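# Analysis of the macromolecular model
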Amino acid sequence: MAVSRVVVLTDASRRTGFGHLRRCLTLCEALSRRGFYSSFVLGEADAAVRAWMKKQDVPFYCAPLSKPASMEALCREQSADIVIVDTYRSNRILLKRLLDAGLRVLVIDDLADRPLPSTWLTNSALSPGSCVYRRLTKGRLLLGPRYALLRPGFAGHVRATGSGRTRNVLVAIGGSDPLGLTPRLLKALAATSERLHIRAVLGPLSRRAVGLESRGHCRIEILRDIRDMASLMRWADVAVAGAGQTLFELAAAGCPCVGIRIAPNQKVTMRLFSRIGSAMIVSSAACAVEQALFLLERPARRAAMSRRGQRAVDGRGAERIADALL
């Protein structure tokens, strides 16, 4: 029996972040359990990304995604059955070229700001009944947080919330932290009079040396490229995170959080979690620390945020999308 093949067109770098590549890898893991073989084409991939991909033992190529003819030829060369496109550089010309070549195309989108011809289109930050794609695609729409592409480990766990005074804080700004927010957050948290146990996660593309050790009333741990983020998020009483894909993981883990807006393209995700009520959204590190301390003093508020997050995001999005592609 012939093996079904998937080619993924995406981007990742220290400058632009890691979220697109991470969620595509998650979806490909779900597809591999259904008999698919995946390879990646990285349009923007610096040396750090290429080194990380080699460690994952994932087949990948580096090529400019802005050349539709080259992308079609590469997909044909790989005998692709399905092409997954997750990049802000996707456009009507590229996608139509792939469709006209007889390929089935899944677009993973965050913006809903341009025509995206496709076979399927998913945007986990929009409500299922949203009409914003009505004139942008004729593809089957997979919308809402139930389609969020989360790593294994987030599904099927109900968070037990206590009513006592708790002090575990997680800092998780993302795969690269291009603005260097982690050191600022740690310094601000350590400067408070609270007794905190802080775990700061540095993503695989982060190159900033935090250099801040535990001091007096604060215990600080620096963790790198954690594989079991679900357990770490369940450990935390409050998280401070970038307002991107991490908010979906925190919601599924039932961890109340303060989300910091890092990039303009996070606007739709921020609105979603403000509406769900599992996150407080702020625009600076100073405000994030203030709101995190506010939540630590309010166990009932945290418990309510936890319940709202887990009701909205169940961690099974990759399985749903993989089934839809079948």
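For the structure itself, consult the block above.
Here goes a summary of the coordinates provided. Keep in mind that what you see is a predicted model, and the values were worked out from it rather than measured.

Rules used throughout
Residues numbered from 1 in each chain as written. Predicted model: local features only at pLDDT ≥ 70, side-chain atom pairs only at ≥ 80, totals over all residues. Heavy atoms only, no water. Helix = DSSP H or I, 4+ residues; strand = E, 2+ residues; numbered from the N terminus. Rg over C-alpha atoms; globule rule 2.2 N^0.38 Å. Buried < 20%, exposed > 50% of the residue type's maximum accessible area, 1.4 Å probe, protein only. Contact = heavy atoms within 4.5 Å. Areas by Shrake-Rupley, 256 points an atom, 1.4 Å probe, with all protein chains shown as cover. Lys, Arg positive; Asp, Glu negative; His and termini not counted. Charge placed at Lys NZ, Arg CZ, Asp CG, Glu CD. Phe/Tyr/Trp six-rings, centres within 6.5 Å; stacked < 30°, edge-to-face > 60°. Polar contact = N/O pair within 3.5 Å; in protein donor to acceptor, adjacent residues only side chain to side chain. Salt bridge = Lys/Arg side-chain N within 4 Å of Asp/Glu carboxyl O. Pairing = 2+ DSSP bridges. Axes fitted to C-alpha atoms, helices over the stretch in contact; angles between N-to-C directions.

## Quick notes on the overall build of the protein
- Along the backbone of the protein there are 11 helices and 13 strands.
- For the protein, the C-alpha radius of gyration of 20 Å lies close to 20 Å, the compact-globule estimate for 326 residues.
- Seen through its C-alpha atoms, the protein measures out along the principal axes to roughly 60 × 40 × 35 Å.
- The 326 residues of the protein split such that 57% are buried.
- Taking all contacts inside the protein whose residues are at least 6 apart in sequence as the whole, residues at least 24 apart take part in 61%.
- For the protein, the exposed surface amounts to about 14300 Å²; the carbon and sulfur share of it is 49%.
- For the protein, the centre of its 50 positive side-chain charges and the centre of its 26 negative side-chain charges are spaced 4 Å apart.

## Considering the packing of aromatic side chains
- Summed over all chains, the structure comprises 2 aromatic pairs.
- A centroid spacing of 4.8 Å and a plane angle of 90° characterise the contact between F18 and W52, whose relative ring orientation is edge-to-face. Taken as a pair, F18 in the loop between β1 (4-12) and α1 (19-32) and W52 in helix α2 (residues 47-56) lie far apart in primary sequence, 34 residues in all.
- With centroids separated by 4.9 Å and ring planes inclined at 80°, the aromatic side chains of F248 and F273 adopt a geometry described as edge-to-face.

## As for the environment of A51
- Checked against the element boundaries, A51 lands in helix α2.
- Overall, the relative accessible area of 39% leaves A51 in the partly exposed class.
- In sequence terms A51 and T16 are 35 residues apart; their C-alpha atoms lie 17 Å from each other.

## Looking at the side chain of D86
- Within the secondary structure layout, D86 lies in strand β4 (residues 82-86).
- Classification of D86 as buried rests on a relative accessible area of 0%.
- Looking at D86, its side chain comes within polar contact range of the side chain of R23, at 2.6 Å.
- With near-sequence residues (within four places) excluded, D86 lies in contact with L9, T10, D11, H20, R23, C24 and I108.

## So, the pattern of salt bridges
- Scanning the entire structure with this criterion turns up 17 salt bridges.
- Put simply, R23 and D110 hold a salt bridge, and the shortest N to O gap is 3.0 Å. Of the two residues, R23 is situated in helix α1 and D110 in the loop between β5 (104-108) and β6 (120-123); the sequence distance between them amounts to 87 residues. Note on accessibility: R23 and D110 belong to one class, buried.
- Taking the shortest distance from any N to any O, the salt bridge between R151 and E249 comes out at 2.9 Å. Taken together, the residues span a long stretch of sequence, with R151 in the loop between β7 (140-143) and β8 (168-172) and E249 in helix α7 (residues 246-253) at a distance of 98 residues. Each member of the pair R151 and E249 is classed as buried.
- A single salt-bridge network, built from bridges that share partners, covers R33, R34, E319 and D323.

## Brief notes about the sheet that holds β6
- One open sheet holds the 7 strands; their spatial order is β3-β2-β1-β4-β5-β6-β7, and the pairing between them is parallel. Each edge of the open sheet is held by one strand with a lone partner, namely β3 (60-62) and β7. Sheet twist, expressed as the average angle between the axes of neighbouring strands with direction ignored, equals 20°.
- The sheet contact formed by β5 and β6 spans 3 bridges and is parallel. The partner of L106 across the bridge, within β6, is W120.
- Across the face of the sheet, α2 comes into contact with β1, β2 (36-45) and β3 while running at roughly 165° to β2.

## A look at the environment of K267
- Within the element layout of this structure, K267 appears in helix α8 (residues 267-276).
- Considering only alpha carbons, one finds K267 and D110, 157 residues apart in sequence, at a separation of 9.2 Å.

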